[in-house]
Every structure is written in C-alpha cells, then in structure tokens.
Amino acid sequence: MSRVSRGLGRPLDLRSGRVDLSHGSGGRASAQLVEDLFLRAFDNEWLRVLDDQACLAPPPGRIVMATDSHVVTPLFFPGGDIGTLAVNGTVNDVAMSGARPLYLSAGFILEEGFPLADLKRIVDSMAAAAGAAGVAIVTGDTKVVEQGKGDGVFINTTGVGVLPPGVEISGRRARPGDAILVSGTIGDHGVAIMSRRENLEFETEVRSDCAALNGLVAAMLASGARLHVLRDPTRGGVATTLNEIARQSGVGMMLEESALPVDPAVAAACEFLGLDPLYVANEGKLLAICPAADAAALLAAMQAHPLGRRAARIGTVVQDPDQFVQMTTVLGGRRIVDWLAGEQLPRIC
Amino acid sequence: MKYVDEFRDPKVGAGIAAAIAAEARPGRHYQFMEFCGGHTHAISRSGLADLLPPNVRMVHGPGCPVCVLPIGRIDLAIGLATERGAIVCTYGDVLRVPASGETSLLRAKARGADVRMVYSPLDALRIARDHPMREVVFLAIGFETTTPPTALAIRAAAGEGLANFSVLCNHVLTPAAIMNILESPEVRELGSVPLDGFVGPAHVSTIIGSEPYRFFAEEYRKPVVIAGFEPLDVLQAVLMLVRQVNEGRAEVENEFTRAVTTDGNLRAQALVAEVFELRREFEWRGLGTVSYSALQVREAYGRWDAERRFGLQYRPVPDNKACECGAILRGLKRPVDCRLFGRACTPETPMGSCMVSSEGACAAHYSYGRYRDRGQAAGAARPAAAGT
C-alpha cells in the first residue's frame, strides 16, 4: 500500500493518549477518532456509511422521540458509567411511552486532556448497553472543549422508537382509583453515585440499577393490563416523579410507606447521610399506574421479568384538588410526600 | 434495618399511642415542646401527630441550628468567599439559608464563590491541606453535638500549624435557648402559652448529659424527658411527660438511656472547654439577642478564629417584618397564622428561619403536614394543630 494513500496517520493511542483540540476540529484526527473508536464499537450499516446523517426507513406506527443530556460525577460508578447511563436513560425515556426504541444518536462533548482509555471504556459501555437494549447508535457528533470548560465528557443521546397502535400511555392519564406500582427497590443509583463522590466516599455494596427498561415494558404491555402511566423516576426520585404525574393528571396519591421496596444497604446509607430514598435517583426502575382491576396481572408480569422481580404495589391514585401526594407511614400516621425543594441536602442533626 | 426498625415498630407504636390516649385526661390540654429539629423532623416524617389524641399537642422549638442562624452571620461567610477569595466549607443545608439581598451560599457559589459542602470539619481541614495557597474557612454551626468535632479540627490545625485554616464559629447552646423561651414574657408571665414540658434533645444530651436540664425542671416546674430521634422514642417520651403532668411531677427523665448518661461525654466537654469560651451575646434568628447563648474561639486558638483573622464585624440584618418565626418558635403561633406562610415563604423561597431547613417548624409543616390546613382559613380560631 502506498505510504501516502488513505491512512490517517498513526493509530489512535487508546492506552495513554489524551483528547486534544484536533479531535474536534473535523480534520484527520477527528476522522481517526470516529473510525478507530466510535465506528469500531457501535458498528452498524447506517454508521458505516460515514455520512453526516443516518437514513432510516420509517417503521409503521407512530414515531416517538426523546433526548437526554448526560452529565455525571463520577463518570464511573459501581454498576455502570456515563456511557451506560447515556444509552439506558434515553432508551427508557422512549420506552416509557410504550414505544419500542430502535435508534439512538450520540453527541459527545469532550474536554481537552481527557484520557482516550477512559473514553474507550465509556464507548464500549455504550455499545454493550445498546446491544443489550436492542437499539443501534446510527449517527453521532464529537466536539472538544478546552481544558477547564467541561467535566471530562458530556454525552447527549436522542432516541427514536415506534409506538404500536392502541397504546396510549401518558402522565396525564392517572385516574382516581388507579393502582401505583414500582418495578423494584428505590434509590440504588443515587446511593451508588454518592458512595463514590470525592467528598463522601463510603463503603457500600450498593450498585447502580442502571438498565434499559424496554424489555420490561414489552412484557408489561404483553400482559394485557391497561397501562395508564409509565415513568422512570430518575432525578428527584419516586417522590418527585409522582408529584409530576399528580400535577399532570390533576389527581392526588396515597402511598403506603411499608410497601416501598428499599434495599437495606440503601436504607442504611440514607439514614446516615440524612437523605430520603423517596428522593434519591433511580436509573433502572419505572413507576406504572393502571386501573386497580388490572394491578394484579400487571404486577405478576413485572415480577416475572428479571428487572421487575421486586416490583410492588405502593399506593393508589385518589381524587384531590390540591394534588397532594400523601403517604401512610409505617407507624400509621400520615404525611405529605412533597416536591423536592431545591437539591436534597443532608441535615445537620 | 437492625437497630432502627425496632424503634419504628408499628405494633409497639400503637401500644404507646393507646397508653397516651388512655392516660391523657379528657378535660386537660397538654402542650409539649420538642426542642430539637431532629425531633421535629421525626414527628413530621412519621406522621406522629396522627397517633396523639387531640388534647396532646406538640410545639416545635428552636432547636434547628440552620433555622436560628441569623442573616448577618451568613453574610459574613458569603463575604469571606466573595471578597476575600476564601474557600468556605460548611454542612449541607446551611447552603440554602437566605442571606441579605436575596443571596445564599448556594447562590454565591453559582456566581463563582468557592463554597463546598462537607460532612465533617475534618473534610475542611483536608481541603486546607490540599490548597495551602488558599484561605479555607469552616462555617461552623450547630448545638453541642457538632461543637466537639469543630474543636477537634481547630486543635488539629494548631497541632500541625496549618496556617490557612480558620473557623467562623456559630456554635450555640441548648440550655440558653430553653431558658430564653421559659423566660419570655408570654410563657412566664402571661401564661398564654402553657408549655407543660419538654422533649429533651437526643444527640445534644449525649454530649452534655441529662444534668443541665435539672434546673428547668426544678426552677420552672417543667418536666423534661430526654428522648432519642426515632419515632417510638418520641412517643414514649410523650407518654412519660403526660404521666409526669398527671402526677404533678417536674423531673428530668431519660428515655434515651441507650446513649445518654447523667454527666454526658466528659472528654468532649473538656475538648470544647479547651478551645471555646462563652460569647457575651449572640443573635438567634427568631429569638433575638440571647446572652451567653453561644461559643467563640478562645484567644489561645485565635489564629484559627476567622472573626479575628479577617477582622470581621457582625452587622445584624432584620427579618421580613411580616415574618412570624419568633412567635412560632415560642409556640405562640402556628405556621398558618403567618401571612407569608405558603405564599411568599415556601421551602423554595424561604423568607424566615423556620422555613429554611426541613427541621424548621414551618418547613416541616409545609412539606409534610399542610394537608391538615385544608378547608381552614389562615388564623382561623381553632386549637393549634397537633404538631405538624
């Protein structure tokens, strides 16, 4: 082969190399990053063309689209990393409509100096997560910002899916009398992240629950239960998500504290950090609201799926002009489960 | 969870609640103040008020360290971060406390000030070691519980000659605050707020012991029951208070024997005494200026005292005129009696001290109990709500 033919120079140093500004400049270094890293990991027929866009045949049904930007500290945590989050987060946003996620785009904002080895680890996680979720990463973009102007790596993903006919799932469809279900233990992701934060490291076996939920959603739809609402309680946790739904649907909710599934290690971490698991983020759980008559069938379908084994019915939608989410406590008292005010900050006492 | 679930057992709780209902005399009204924010939080989060009979009411006291920190003290800390370029470290919910001119440490941080949340003053020490060219100030707040760790940090800084570390001390004293409430004209003279007794602090008492409360019991004839922070601790303490009132006793009793002794933690007390001394007066948000109610760094450790080091001058800043925090902290008014409550003053935009931390009377009521206000106009004539 001629020495001046089509090569892009020395191969990318994925062991000790670092991102530099040329990787985002659109020149040879950019092309090399795309071909040696992204294409190799995500390889599929659309990406291989190396055009600036993916040309997709529209599937039958309604198109569902969602986008999510991912920023997380630390980038790597027990149970996942920013790559798994970037894929699963957007897959879940699409899936919460009942749609089957098909394609993803991936936009990377890299900070100058970011180790290529770490980037490769993240990209490999994305490839694995996309494979597991059955979606293809069909188009992408990379920008590099100067050192100090980013936090290592930010990833935006946009997802496209297709909605089968007859499925009508929306945060506006909760009705008084409906049952509220959660697919498993709450607060795992947030506690796993916190256990690795620089100023807060503590030893715990808690791992992030980060997972793509489209398979679970498909199983729930197949059960024949009428699904009114699906939503993944990410930032702000179960409490915030239920308040959002209550507001959208103009209803109230009554939860049972004793029915909330909380892993003992998460409960313990929240106890000593002064946090409430109801407000701690999840990345592999969903809340489902359905007519009470269908709750048992839906719960059985969830529990039969590996990602819903610890699913539980946690409450009921009620009529309430004030749209309060309330809870009967373990002790038999009652309290409001309010919106999160600002960030959840630990108490002193 | 072991050692926690036992103190939240619904069956035991129902048993104690039944005993309270049986023993509280129908014709009598019982009003107890839980001093600590930790108790307020436990009562609100577990919906304890629902387990008490209507004639037993809890009043939320001023024992929320974040709530009683006055605006002027936060201003000092913000000034250190923004004008002196210091790294200001403090505990989580202090970041949100509103300061002058619509600021807070959180907002100052957003504008570029170097403000960091720590879980321990020792984390602030570490930051000082890691940034030898920067001034690192630990904004120390809290009652007797958080004072020994601050003392330890100052002594460690002195021991290793850490020149860039200092403490902006806002440590306050529980007995002084209880005394202030008992001495206030409304409570002592007018008798308009009959306080029948106190649920005594949990963690504070592990340090100071049960002895300091004896004075209140004897001098003011108010029973004190020291209780842990779990819901069953509080219920049990209420039952013990009801019994004391019924029997005409005013004693210090200790429900929290698993952690609190008569004398408290003598080593911690010695450490605090070595590093700190009484401050002549200190402003409490909601209570005003209270004599000998706070601590300051001793001269011997003056190099690590941010007030001396930076020549800080305290300037008091008045709260919003409509704010009723002072009356609410004394049990004279309920949160809904305040015109600002739930309107201008919410947990997102706190105007007064009681709305700042979830331990504050107003924030606890807003976040956990405001469903009880339904169908009632603010200030409606009705016996004050049982707790929140």
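Residues numbered from 1 in each chain as written. Chains lettered and ligands numbered in written order. Predicted model: local features only at pLDDT ≥ 70, side-chain atom pairs only at ≥ 80, totals over all residues. Heavy atoms only, no water.

1. Structural notes on the overall build of chain B
The secondary structure content of chain B amounts to 16 helices and 11 strands. Whereas a compact globule of 388 residues would reach a radius of gyration of roughly 21 Å, chain B reaches 21 Å, a difference of no more than 12%. Counting only C-alpha atoms, chain B reaches 65 × 45 × 45 Å along its principal axes. The 388 residues of chain B split such that 61% are buried. Here chain B has roughly 14,900 Å² of accessible surface; of this, 52% comes from carbon and sulfur atoms. Looking at charge distribution, chain B has the averaged site of its 44 positive side-chain charges lying 4 Å from that of its 43 negative ones. (Helix = DSSP H or I, 4+ residues; strand = E, 2+ residues; numbered from the N terminus. Rg over C-alpha atoms; globule rule 2.2 N^0.38 Å. Buried < 20%, exposed > 50% of the residue type's maximum accessible area, 1.4 Å probe, protein only. Areas by Shrake-Rupley, 256 points an atom, 1.4 Å probe, with all protein chains shown as cover. Lys, Arg positive; Asp, Glu negative; His and termini not counted. Charge placed at Lys NZ, Arg CZ, Asp CG, Glu CD.)

2. So, the domain arrangement of chain A
All names here are of chain A. You can read the domains of chain A as domain 1 (21-163) and domain 2 (179-336). On a C-alpha basis, the centres of domain 1 and domain 2 stand 27 Å from each other. On the domain 2 side, the residues contacting the 18 residues of domain 1 number 21 residues. For the pair domain 1 and domain 2, the two sides together bury roughly 1,600 Å², of which 63% comes from carbon and sulfur. On the domain 1 side of the interface with domain 2, the three residues burying the most area are Pro78, Asn92 and Met96, jointly 37% of the side's total. For the interface between domain 1 and domain 2, the tally reads 0 salt bridges. The interface formed by domain 1 and domain 2 includes 6 residue pairs in polar contact (both at pLDDT 80 or more). Counting residues per element, the side of domain 1 that touches domain 2 draws most heavily on helix H3 (residues 82-95), which supplies 8 residues. (Domains from an automatic or database assignment. Contact = heavy atoms within 4.5 Å. Buried area = accessible area lost by both parts, 1.4 Å probe. Salt bridge = Lys/Arg side-chain N within 4 Å of Asp/Glu carboxyl O. Polar contact = N/O pair within 3.5 Å; in protein donor to acceptor, adjacent residues only side chain to side chain.)

3. Let's talk about the state of the cysteines
All names here are of chain B. This structure, assessed with the given rule, holds 1 disulfide over all chains. Cysteine 64 shares a disulfide with cysteine 67; S-S distance 2.4 Å. Judged by the torsion about the S-S bond (70°), the cysteine 64/cysteine 67 disulfide is right-handed. The pair cysteine 64 / cysteine 67 is uniform in exposure class, with both members buried. Cysteine 323 takes part in no disulfide bond, and the closest cysteine sulfur, belonging to cysteine 325, lies 3.3 Å away. (Disulfide = S-S within 2.5 Å.)

4. Considering the interface of chain B and chain A
At the junction of the two partners, chain B supplies 45 residues and chain A supplies 30 residues. Along the contact surface separating chain B from chain A lie 5 salt bridges. At the boundary of chain B and chain A, one finds 10 residue pairs in polar contact (both at pLDDT 80 or more). The set of elements that each furnish at least two residues to the side of chain B that touches chain A consists of helix H1 (10-23), helix H2 (37-45), helix H3 (65-68), helix H6 (121-130), helix H12 (231-246) and helix H16 (361-369) of chain B. Tallied by class, the residues present in the side of chain B that touches chain A amount to 19 nonpolar, 12 polar and 14 charged. (Nonpolar A, V, L, I, M, F, W, Y, C, P; charged D, E, K, R; others polar.)

5. Quick word on the pattern of salt bridges
Residues and elements named next belong to chain B. Tallying each qualifying case throughout the model produces 37 salt bridges over all chains. Here aspartate 196 ties to arginine 28 by a salt bridge, and the two come within 3.4 Å at their closest N and O atoms. Placement of aspartate 196 in the loop between helix H9 (185-190) and strand S7 (197-200) and of arginine 28 in the loop between H1 and strand S1 (30-36) is noted, with a sequence separation of 168 residues between them. Aspartate 196 gets classed as buried once you look at its relative accessible area, which sits at 13%. Residue glutamate 307 is joined to arginine 279 by a salt bridge in which the shortest nitrogen-to-oxygen separation is 2.9 Å.

6. Comments concerning the confidence of the model for chain B
Counting all residues, the mean pLDDT for chain B is 90, and 95% of those residues have values of 70 or more. Overall, residues 377-388 of chain B carries pLDDT values under 50, and its contacts beyond four positions in sequence, including any with other chains, amount to 27 contacts. (pLDDT = per-residue confidence, 0-100.)

7. Some points on the sheet that holds strand S9 (residues 252-254) of chain B
All names here are of chain B. Spatially, S2-S1-S7-S8-S9 is the arrangement adopted by the 5 strands of the open sheet, whose pairing is parallel. Among the strands making up the open sheet, the edge pair consists of strand S2 (56-63) and S9. Strand-to-strand twist in this sheet, taken as the mean axis angle between neighbours without regard to direction, amounts to 25°. With 3 bridges connecting them, S7 and strand S8 (residues 224-226) associate as parallel partners. The residue bridging glycine 200 from the neighbouring strand is isoleucine 226, located in S8. Contacts from H2 reach S1, S2 and S7, with the element oriented near 120° to S1. (Pairing = 2+ DSSP bridges. Axes fitted to C-alpha atoms, helices over the stretch in contact; angles between N-to-C directions.)

8. Topic: the nonpolar core
Residues and elements named next belong to chain B. Core analysis: the biggest nonpolar cluster contains 57 residues, and Leu80, Val94, Leu105, Phe138, Phe165, Leu168 and Phe276 have the highest contact counts within it. Not counting residues up to four positions away in its chain, the partners in contact with leucine 80 are Gly85, Ala86, Val88, Val137, Leu168, Ala306, Phe310 and Leu312. By size, the runner-up hydrophobic cluster in this structure holds 49 residues, among which are Met33, Cys36, Phe143 and Val172. (Core = buried A, V, L, I, M, F, W, Y, C linked by side-chain atoms within 4.5 Å.)

9. Considering the packing of helix H7 (residues 147-160) of chain B against helix H13 (residues 266-275) of chain B
All names here are of chain B. For the pair H7 and H13, the least separation of the axes is 9 Å and the interaxial angle reads 55°. In terms of orientation, H7 lies oblique with respect to H13. H7 and H13 meet at a crossing whose hand is left-handed. Here Thr147, Pro148, Ala151, Leu152, Ile154 and Arg155 of H7 lie close against H13, whose contacting residues are Ala268, Leu271, Val272, Glu274 and Val275. Of the residues in the contact of H7 with H13, the class split is 8 nonpolar, 1 polar and 2 charged. (Parallel < 35°, antiparallel > 145°, perpendicular 65-115°, else oblique. Left-handed = near helix turned anticlockwise from the far one by under 90°.)

10. Considering empty space enclosed by the protein
Residues and elements named next belong to chain B. For the structure shown, the criterion picks out 3 cavities of 30 Å³ or more. Forming the boundary of the second largest cavity are Cys323, Cys325, Ile328, Cys338, Leu340, Phe341, Cys345, Met351, Gly352, Met355 and Cys362. Looking at the lining of the second largest cavity residue by residue, the classes come out as 10 nonpolar, 1 polar and no charged. (1 Å grid on protein atoms, 1.4 Å probe; cavity = no way out; pocket = protein on both sides within 12 Å on 5 of 7 lines; lining within 4 Å. Points joined across faces, edges and corners; volume = space filled by probe spheres on them.)

11. As for the sheet that holds strand S1 (residues 62-70) of chain A
Residues and elements named next belong to chain A. Read across the sheet, 4 strands follow the order S1-S6-S4-S5 without closing on themselves; strand pairing throughout is mixed. Only two strands of the sheet have a single neighbouring strand rather than two, namely S1 and strand S5 (136-145). Neighbour to neighbour, the strand axes of the sheet diverge by 15° on average, direction disregarded. As defined by bridge partners, strand S4 (residues 100-111) adjoins strand S6 (residues 153-163) across 10 bridges and the pair is classed as antiparallel. When the sheet's bridge partners are listed, alanine 106 is paired in S6 with threonine 157.

12. Description of the pairing of S5 of chain A
All names here are of chain A. Examined bridge by bridge, S4 and S5 share 9 bridges and lie parallel to one another. Pairing of alanine 106 across the sheet is with glycine 140, part of S5. Once the chain exits S4 it traverses helix H4 (residues 116-133) before rejoining the sheet at S5, and the crossover so formed is right-handed. (Right-handed = clockwise from strand over helix to strand, strands pointing away.)

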